[in-house]
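# Working through the structure, step by step
The primary structure of each chain is shown beneath.
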Amino acid sequence: MQLIVRSIAFSILFFCLPLVANAQYSISYWDSVLSNKNYYDPVPNHLIYELTTATGLNNPAPLGTLVTWAFSPVVNGQWTGTAYGTTYRAGNYEYNPQTLVGNIDASGNWKILFTNDNSGKVVIGIGSMELYNGVWSPVAQTFSTGSVFMAHWAYNVPYDPNVYTPLGAQYYQVLPSITSPGNAWIEGTTWKITNKSFFGSNSSGTVTFSNFNNGYIWGLGKGPVGSVNTVFSSLATVTPYGKVLLGLLNNGQLNVMWGTLTSNPFASTITLADYGYGTTTGTPNGDISSLSYTSPLGMYTNSSLQQTATALQGQFGAQQNAVVAGLSYDCNLFGANNVCVSAGGRDTLNSDPNINAVSALLIGAYRIKDGLRVGAYLDQNLSASNPNGITSMGNNTPMGGLFGVWSDKSDGTGAEVKASLGYNNKSMTVARPVIGLSESGSGGTNLTSQGAVITAKYGLGVGGKTIVSPYIGMRYMTTKMGGYSEGVSNSVQYPLSYSNLSMDASTALAGMGASYKLDEQWSFSGSAGVEMDTQTSVGSYTVSNYTGLTPVALNSTPNNVRPAATLAAYYMVDMSARLGLITMYRQDSFTGMSSTTGLVTYTMGL
């Protein structure tokens, strides 16, 4: 129900109200708009709330008011004038003649200092110029000072006092709530608030606006632990144009700031700054405050994004593991034409989540001269499981790569250096899971991985059949998911768009390999080593078209040091053909994730 009410409120707020004066005008433009004008509060804005330091801001008493303004000529955004305020309380009237001094900036934001002719008390009015029924209106907000003070907001409508007499303050209405209806959703919401000048630290507290009426909201709040104000009351005026004048009160300490409310269906933010409240000059002191609220739709959507990011981890890990496997591909059995061709299959099982990919592979190499060969490979997925129902990978594009090997000797002893490049690009569909009120948005993107590795090893003969080869190396891997947008459907009212998401790592490799030749047909090899990330850059899954939704780190607890191992068995069918069975295991940089890869190859020398 709250989501429905809020959706209606947003429709009112964004489509039914007059336009905000957010365009940039010149100062001289406002000079012509405001010069020699008279303004009054219409009846819907005759409501004013009286408050005291003793009862708190959460117990406002409604009164009636009528305020009229008379401006002198405005020059370079500066002017003087007079104001007359009438307050109506239980059949009695109070009259407050005032002088005023005002200024306005090019954006239409203005400030007026009202000085009471009787008491000399200064009240600062602040607001913005807004088009209301096609006429520029100074929408005003005030918060007076003292132990008894008043909060008020109003459209100020231009009029000719020789022709029209505004209705008196006694015509005010407490109910129904007919002004600022687009902000009625704030009632009952709890916000996180930061305010160093009030709390004494940058830690955040909370405030709950338990009541709303005619653009006024009020309630109680709790400061952060250790704050000088652990409990407080609050009252704010909120105009239909998102301008907020918020007061916080505890133990006689009153903190008032002015700013802007920005909202979307998922979250809202109020950004405030001191405007000189409590001074006679209106000079700001630089203090700031901010409030943030996440709607029920936003909270459920954040949970959905968390699950989606977890599913993306699996696909990032699976694709990177495939590229790492591809970087190990080689073809080193040559015939008279110095050509090597190897065909086979790959089966990779990635754990947590379990993603299984089966592919066919083709590897080819050319021996340039003894001890130097270059090659290329293609690895085409035949099938890939998508167990979570959130991400689905396409199989249309094969993985490919290049490699080159230099070796000192042909028997596996001595020095050897190998360099490889790998590239893998797959289409991917991402469908957010429905959690609570969240929507089932889905969209398509691409996941692209690129890798490069260089390794050096030195083979040492042990006896006549065994070679032990310590190795070192460096690998660079980058994987990027392109930004994408969800489609609109009957079940998706607020489709999300996402920024690019990438992760990069430079990884040092070290370990020990060994090979054993049993006889003229059978040989075996294996290796065990360690991978250590020396540099990483990991992004967050981030919504780009709505503010307030929490970015989800793709890998918040990386596994930067991890083991890797291989085992292989080779059978020489004849002098120019060999069958290979290879198993590779490695842990992934995503903690708890690992991959086991099995390769079957048939290699021919041509």
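Criteria and thresholds
Residues numbered from 1 in each chain as written. Predicted model: local features only at pLDDT ≥ 70, side-chain atom pairs only at ≥ 80, totals over all residues. Heavy atoms only, no water. Phe/Tyr/Trp six-rings, centres within 6.5 Å; stacked < 30°, edge-to-face > 60°. Buried < 20%, exposed > 50% of the residue type's maximum accessible area, 1.4 Å probe, protein only. Helix = DSSP H or I, 4+ residues; strand = E, 2+ residues; numbered from the N terminus. Pairing = 2+ DSSP bridges. Axes fitted to C-alpha atoms, helices over the stretch in contact; angles between N-to-C directions. Expected span 1.5 Å × (residues − 1). Salt bridge = Lys/Arg side-chain N within 4 Å of Asp/Glu carboxyl O. Disulfide = S-S within 2.5 Å.

In total, this model carries 41 aromatic pairs according to the counting rule given. Geometrically, the ring pair formed by Y25 and Y29 is stacked, given 4.6 Å between the ring centres and 20° between the ring planes. According to the relative accessible area criterion, Y29 is partly exposed, its value standing at 30%. Judged by centre distance (5.1 Å) and plane angle (80°), the rings of Y40 and Y159 are edge-to-face. Placement of Y40 in strand β1 (residues 38-40) and of Y159 in the loop between β10 (157-158) and β11 (189-194) is noted, with a sequence separation of 119 residues between them. Relative accessible area serves as the criterion here: at 13%, Y40 is assigned to the buried category.

Another point: the sheet that holds strand β15 (residues 243-250). Spatially, the eight strands close up into a barrel ordered β11-β12-β13-β14-β15-β16-β17-β18, and their pairing is antiparallel. Averaged over neighbouring strand pairs, the angle between their axes works out to 30° when direction is ignored. Here β15 runs beside strand β16 (residues 253-263); their pairing, made up of eight bridges, is antiparallel. Along β16, the bridge assignment pairs L246 with M257.

Another aspect to go through is the pairing of strand β17 (residues 267-273). Bridging between β16 and β17 involves six bridges; their strand directions are antiparallel. Paired with S263 across the two strands is S268, which belongs to β17. In sequence, β16 turns back onto β17 through a hairpin of three residues.

In this section: unusual backbone geometry. Positioned with a positive phi, S180 is a non-glycine residue whose angle comes to about 55°. What makes S180 buried here is its relative accessible area of 1%. The phi dihedral of N214 is positive, around 50°, even though this residue is not glycine. Position of N214 among the secondary structure elements: in the loop between β12 (204-213) and β13 (216-222).

Taking 1.5 Å of rise per residue, 32 residues should cover 46 Å, and helix α4 (residues 296-327) covers 47 Å from first to last C-alpha, within 8% of that figure. Of all 32 residues making up α4, 25 are buried, and the element is well covered by its neighbours.

It is worth spelling out the pattern of salt bridges at this point. Enumeration over the complete set of coordinates arrives at twelve salt bridges. Put simply, R346 and D379 hold a salt bridge, and the shortest N to O gap is 2.8 Å. With R346 in strand β19 (residues 339-351) and D379 in strand β21 (residues 372-384), this residue pair connects regions lying 33 residues apart in the sequence. The burial state of R346 is the same as that of D379; both residues are buried. Here E531 and R562 are joined by a salt bridge, their closest N and O atoms 3.1 Å apart.

We now examine the state of the cysteines. Tallied over the full model, the rule gives one disulfide. Paired by a disulfide, C331 and C340 hold their sulfur atoms 1.9 Å apart. Its torsion about the S-S bond being -80°, the disulfide of C331 and C340 is classed as left-handed. Residue C331 is classed as buried on the basis of its relative accessible area, which comes to 1%. Judged by its relative accessible area of 1%, C340 falls in the buried class.

Within strand β8 (residues 135-143), eight of the nine residues are buried, which leaves the element mostly enclosed by the surrounding structure. The pairing of strand β7 (residues 122-132) with β8 spans eight bridges and is classified as antiparallel. What sits directly across from L131, in β8, is W136. Hairpin geometry of β7 and β8 is characterised by an intervening segment of two residues between the two adjacent antiparallel strands and by a positive phi of about 55° at N133.

Read these as spatial facts, not as claims about activity.
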